[in-house]
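Take a look at the letters that make up each chain.
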Amino acid sequence: MKTSHLSIESFRGYASRMQEVLSRSDWDGVAQLGQAMRECWITGHQVFFCGNGGSAGNAIHLANDYLYGIAKRTGGGMRVSSLSANAAVITCLANDVGYDSIYSEQLAVQAQPGDLLIVLSGSGNSPNILKVLEQAKVMGVTSCAILGYTGGKAKALADIPIHFDVNDMQIAEDMQLVVGHMLMQWLYENQPVAK
């Protein structure tokens, strides 16, 4: 089967845009997030992920990576969960209190001071993302937002904003996983000593 020259150019264009984002990114926020995650791992505090749409899928994916994939021994992973994972809880909360509260209500029940919230968002303006960041502040939960586009309102609300200035939702979502996988490998190599 002959490959279309036009499709190859499209793929090259995508790869070029991705490379450009990677080459001009500031990784300081990622380093801060890595330290915060390692501290949670050492102290037994929980890490919570959430997002909408593809970002919700990434939240579930990364929760798996940190629960199991970073551990060198059985039971050695991080206490981590995705607030995007339970369809029964999400639909109950959306129906009873509104979609804007699907994550803040879960965090209010499950989190403790010293825990860490990581939100994944393209725009940084989704009402449920902003509300869970506000809930984290009230509870003494450290927050991080991994964002695309302008960073939106979440950029100012998060304790650790990680912003990729890209007007492309797919690349913004790719960057969520890039950060997640960078930190996964770093944590695997720098995990706490087993007690």
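Whatever comes next refers back to the structure up there.
Reference entry: report on the structure contained in this document. (Residues numbered from 1 in each chain as written. Predicted model: local features only at pLDDT ≥ 70, side-chain atom pairs only at ≥ 80, totals over all residues. Heavy atoms only, no water.)

Looking only at helices and strands, the protein chain has 8 helices and 5 strands in total. Reading the protein chain from its N terminus to its C terminus gives the helix and strand order α-α-β-α-β-α-α-β-α-β-α-β-α. Its C-alpha radius of gyration of 17 Å places the protein chain within 12% of the 16 Å reference for a compact globule of 195 residues. The buried share of the protein chain, taken over its 195 residues, is 45%. Within the protein chain, contacts between residues separated by at least 24 positions form 70% of all contacts whose residues are at least 6 apart in sequence. Only carbon and sulfur atoms are counted for the fraction: they give 55% of the accessible area of the protein chain, which is about 9,900 Å². Across the protein chain, the mean location of the 13 positive side-chain charges is 5 Å away from that of the 17 negative side-chain charges. (Helix = DSSP H or I, 4+ residues; strand = E, 2+ residues; numbered from the N terminus. Rg over C-alpha atoms; globule rule 2.2 N^0.38 Å. Buried < 20%, exposed > 50% of the residue type's maximum accessible area, 1.4 Å probe, protein only. Contact = heavy atoms within 4.5 Å. Areas by Shrake-Rupley, 256 points an atom, 1.4 Å probe, with all protein chains shown as cover. Lys, Arg positive; Asp, Glu negative; His and termini not counted. Charge placed at Lys NZ, Arg CZ, Asp CG, Glu CD.)

As a further point, take the packing of aromatic side chains. Overall, the coordinates contain 2 aromatic pairs when judged by the stated rule. Taking 5.9 Å as the distance between ring centres and 55 degrees as the angle between the ring planes, the aromatic pair formed by Trp27 and Phe164 counts as tilted. With a gap of 137 residues between them, Trp27 in the loop between helix H1 (5-24) and helix H2 (28-43) and Phe164 in the loop between strand E5 (160-163) and helix H8 (169-189) connect regions that are remote in the sequence. Between the aromatic rings of Phe49 and Tyr66, the centroid separation amounts to 5.9 Å while the plane-to-plane angle is 10 degrees, which identifies the pairing as stacked. In this pair, Phe49 sits in strand E1 (residues 47-51) while Tyr66 sits in helix H3 (residues 54-69), placing the two residues 17 residues apart along the sequence. Each member of the pair, Phe49 as well as Tyr66, carries the same accessibility label: buried. Positioned above the aromatic ring of Tyr188, the side-chain terminus of Lys72 is 4.8 Å from the ring centre. (Phe/Tyr/Trp six-rings, centres within 6.5 Å; stacked < 30°, edge-to-face > 60°. Lys NZ or Arg CZ within 6 Å of the ring centre and 35° of its normal.)

Charged atoms that come close allow side chains of opposite charge to pair. Enumeration over the complete set of coordinates arrives at 4 salt bridges. Put simply, Arg12 and Glu9 hold a salt bridge, and the shortest N to O gap is 2.8 Å. With Arg12 and Glu9 both in helix H1, this residue pair falls 3 residues apart, about one helical turn. Relative accessible area serves as the criterion here: at 52%, Arg12 is assigned to the exposed category. Given the relative accessible area of 36%, Glu9 is considered partly exposed. One salt bridge in this structure joins Asp159 and Lys137, with 3.4 Å as the shortest N-O distance. Of this pair, Asp159 sits in the loop between helix H7 (154-157) and E5 while Lys137 sits in helix H6 (residues 127-139); the two residues are 22 residues apart in sequence, bridging distant segments of the chain. Judged by relative accessible area, which is 41%, Asp159 ranks as partly exposed. (Salt bridge = Lys/Arg side-chain N within 4 Å of Asp/Glu carboxyl O.)

Read across the open sheet, the 5 strands follow the order E2-E1-E3-E4-E5; overall the sheet is parallel. Of all strands in the sheet, those with a lone pairing partner are strand E2 (80-82) and E5, marking the two edges. Each neighbouring strand pair of the sheet contributes to a mean axis angle of 15 degrees, computed without reference to strand direction. Where E1 and E2 come together, 3 bridges link them in parallel fashion. (Pairing = 2+ DSSP bridges. Axes fitted to C-alpha atoms, helices over the stretch in contact; angles between N-to-C directions.)

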